[in-house]
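# Structural overview for review
These are the residues of each chain, in order.
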Amino acid sequence: MDNTNSSWLDRFFKLSQHKTNIKTEILAGLTTFVTMAYIIVVQPDLMKAAGMDQGAVMVTVLLASGLFSIIMGLYAKRPFAVAPGMGGNAFFAYSIVAAGLATWQQGLGMIFISGVLFLLLTFLGLRETISRIIPKNIKNAIGAAVGLFIIGTGFSNAGLIVQNKTGTLTLGSLHSSTVLLSVIGLVIIIGLMARKLKAAVFIGILITTVIGIPMGITKLPHSFGDLFSLPPNPSSIMFQADIPGALQLAFFPLLFTFFTGEFFSTMGTVLGVGAKANLLDKDGNLPDIKRPFLVDGIATLGGALMGQTTITTYIESASGVEAGGRTGLTAVTTGLVFLLALFITPLILLIPSAATAPALIVIGLSMLATLKNIDMEAWEDSLPALLTVIAAGLTFSLANGIVFGILSYVVIKVFMGKFRDIHIGLWILCIPLVYYLWLK
């Protein structure tokens with residue numbers, strides 16, 4: 001166990017109890033960072049469409065992701081890293097700001113208000129209650145839904161699946177060097193995993209990155225000095241959230257969409273990754289789930305003040321879990337690397353998406369194993385569970401998957417006359433869920 005039994009890290013994070021060690025946790029944290037590092041590039045590019053300075057956005061992405069991942073690790077003690085959530089950031093940039101519905105300052109104000117609501121519901125225990133009243137089969141399906149979501153992201157990033165002229169999905173061309181490198185990376189990672197190498201995902205990403213050099217995909221800097229740089233000034237976007245301006249009645253539907261989408265995405269990610277790490281109890285609940293929810297709410301508040309869209313628990317945390325991460329030390333490591341990346345961003349950005357995409361595919365596939373916990377004999381329970389998985393995967397939204405799963409569960413039980421199977425809380429929950437779908 002790496003002699004962790006006598007260390008304060010072992011006592012603080014309970015490494016021995018979770019059958020892990022310092023080396024494994026650090027490697028897991030690095031793996032999580034590598035698979036989610038794309039946000040360093042993607043977020044500034046998206047926020048550019050909202051009129052925000054790209055350099056400033058990149059700095060606050062690193063600051064917010066680093067700081068709140070460390071807090072998650074130290075307080076919640078779970079292997080969950082956080083960063084600006086995908087989906088919500090595109091909605092912010094294009095559907096709200098670029099569409100002229102609000103300024104980016106007002107948009108940040110809406111996110112701040114969402115964070116306040118997250119915290120309020122957490123302190124009142126409602127977030128934990130909602131996660132508990134969701135039917136067990138749907139909770140079992142969430143892990144697989146996360147997996148399918150990750151698989152889709154990996155195939156998309158690799159170019160293995162593309163949209164054709166008719167709008168349907170089709171197989172990408174192996175004549176593309178990016179697709180070819182992704183396939184090579186997939187073979188390497190599967191091969192390393194077949195050899196039962198714990199660091200298979202991380203090592204596979206590094207090897208694929210190196211192979212990408214002669215293929216012209218991994219772009220090397222002109223000089224060694226280009227690998228290091230001082231971060232840009234983030235002052236143009238920090239503390240610019242227009243909270244009073246976001247309180248307009250006309251913004252309520254936008255605010256509700258932000259809140260509901262991120263609420264269920266976070267819950268889905270926490271339960272899904274928790275299932276992968278074997279952290280859930282027999283009822284599919286994460287013990288002390290209030291702690292990661294609390295950090296998530298604080299991160300959303302802090303992120304909005306820093307000039308960021310909703311900061312949420314990242315699905316890519318599953319990559320660290322796959323590498324053996326089981327405790328908050330994994331999240332702390334990820335956070336520290338994010339902060340370190342403030343000065344070595346060019347080095348981090350050498351890793352192409354073609355190298356991380358196969359890792360996501362393999363990790364997603366491994367998460368589909370949670371489907372075995374679904375009782376397929378009881379179709380009225382299995383159908384909503386499977387709908388959760390399919391809706392999440394096809395719409396690239398965990399929130400959509402959970403919403404469809406819950407609503408279909410209630411509808412089926414109503415038609416079967418099994419009203420007693422429906423928790424009173426589910427009846428109440430259906431009201432905002434129907435409104436959420438109506439806003440879509």
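Quick note: structure is the one above.
Rules behind the numbers
Residues numbered from 1 in each chain as written. Predicted model: local features only at pLDDT ≥ 70, side-chain atom pairs only at ≥ 80, totals over all residues. Heavy atoms only, no water. Helix = DSSP H or I, 4+ residues; strand = E, 2+ residues; numbered from the N terminus. Buried < 20%, exposed > 50% of the residue type's maximum accessible area, 1.4 Å probe, protein only. Contact = heavy atoms within 4.5 Å. Areas by Shrake-Rupley, 256 points an atom, 1.4 Å probe, with all protein chains shown as cover. Lys, Arg positive; Asp, Glu negative; His and termini not counted. Charge placed at Lys NZ, Arg CZ, Asp CG, Glu CD. Phe/Tyr/Trp six-rings, centres within 6.5 Å; stacked < 30°, edge-to-face > 60°. Axes fitted to C-alpha atoms, helices over the stretch in contact; angles between N-to-C directions. Left-handed = near helix turned anticlockwise from the far one by under 90°. Nonpolar A, V, L, I, M, F, W, Y, C, P; charged D, E, K, R; others polar. Core = buried A, V, L, I, M, F, W, Y, C linked by side-chain atoms within 4.5 Å. Parallel < 35°, antiparallel > 145°, perpendicular 65-115°, else oblique. Polar contact = N/O pair within 3.5 Å; in protein donor to acceptor, adjacent residues only side chain to side chain.

## Description of the overall build of the protein chain
What the protein chain contains, in helices and strands, is 18 helices and 4 strands. With respect to the principal axes defined by its C-alpha atoms, the protein chain has extents near 70 × 55 × 50 Å. Taken over 440 residues, the protein chain has a buried fraction of 57%. Taking the intrachain contacts of the protein chain between residues at least 6 apart in sequence as the baseline, contacts between residues at least 24 apart amount to 78%. If you sum the accessible surface of the protein chain, you get close to 18400 Å²; carbon and sulfur atoms cover 68% of it. Across the protein chain, the centroid of the 26 positively charged side chains sits 5 Å from that of the 20 negatively charged ones.

## A short note on the packing of aromatic side chains
Under the defined criterion, the tally for this structure stands at 9 aromatic pairs. Taken together, a centroid distance of 4.8 Å and an interplanar angle of 85° make the contact between F12 and F13 edge-to-face. For F12, a relative accessible area of 31% gives the class partly exposed. Centroid distance F33 to F338: 4.8 Å. Interplanar angle 80°. Geometry classified as edge-to-face. A residue pair is termed long-range when its members are at least 10 positions apart, and F33 in helix α2 (residues 22–36) and F338 in helix α14 (residues 328–348) qualify at 305 residues.

## Quick notes on the packing of helix α7 (residues 126–133) against helix α11 (residues 252–276)
Where α7 contacts α11, the axes come no closer than 11 Å and their chain directions differ by 65°. Our pair here, α7 against α11, has a crossing hand that is right-handed. Contact residues: α7 offers R127, I130 and S131, while α11 offers F263, F264, T266 and M267. Considered class by class, the residues forming the contact of α7 with α11 number 4 nonpolar, 2 polar and 1 charged.

## Let's talk about the nonpolar core
Grouped together as the largest cluster of nonpolar side chains are 115 residues, with contacts concentrated most on F33, I40, M52, F92, M110, F264 and I406. With 11 residues, the single largest contributor to this core is α11. Residues in contact with F33, not counting those within four places in the same chain, are I40, T334, V337, F338, A341 and I348.

## Section: the packing of helix α5 (residues 88–98) against α11
At their nearest, the axes of α5 and α11 sit 11 Å apart, and the two run at 165° to each other. When the axes of α5 and α11 are compared, the pair comes out roughly antiparallel. Our pair here, α5 against α11, has a crossing hand that is right-handed. Taken together, the residues of α11 that come into contact with α5 (itself represented by G88, F91, F92 and I96) are L254, T257, F258 and E262.

## Concerning the side chain of T209
Topologically, T209 is positioned in helix α10 (residues 200–211). Taking the relative accessible area as the measure of exposure, T209 reaches 11% and is therefore buried. Of the polar contacts made by the side chain of T209, one reaches the backbone oxygen of I205; its length is 2.8 Å.

## Focus on the environment of N285
Looking at the element boundaries, N285 is found in the loop between α11 and α12 (290–306). Sequence separation of N285 and A359 is 74 residues, and the distance between their C-alpha atoms is 27 Å. Contact partners of N285, with chain neighbours within four places excluded, come to S131, R132, K139, L279 and L280.

## A word on unusual backbone geometry
Of note, the phi angle at K19 is positive, near 55°, even though the residue is not glycine. Its place among the elements puts K19 in the loop between α1 (8–13) and α2. The backbone of D288 shows a phi angle near 60°, a positive value even though the residue is not glycine. Position of D288 among the secondary structure elements: in the loop between α11 and α12.

## Focus on the environment of F112
Positionally, F112 belongs in helix α6 (residues 104–123). F112 sits in the buried class, given a relative accessible area of 18%. Along the primary structure F112 and W427 are separated by 315 residues, whereas in three dimensions their C-alpha atoms are 28 Å apart. Ignoring sequence-local partners within four residues, the contact set of F112 consists of I243, L301, A304 and L305.

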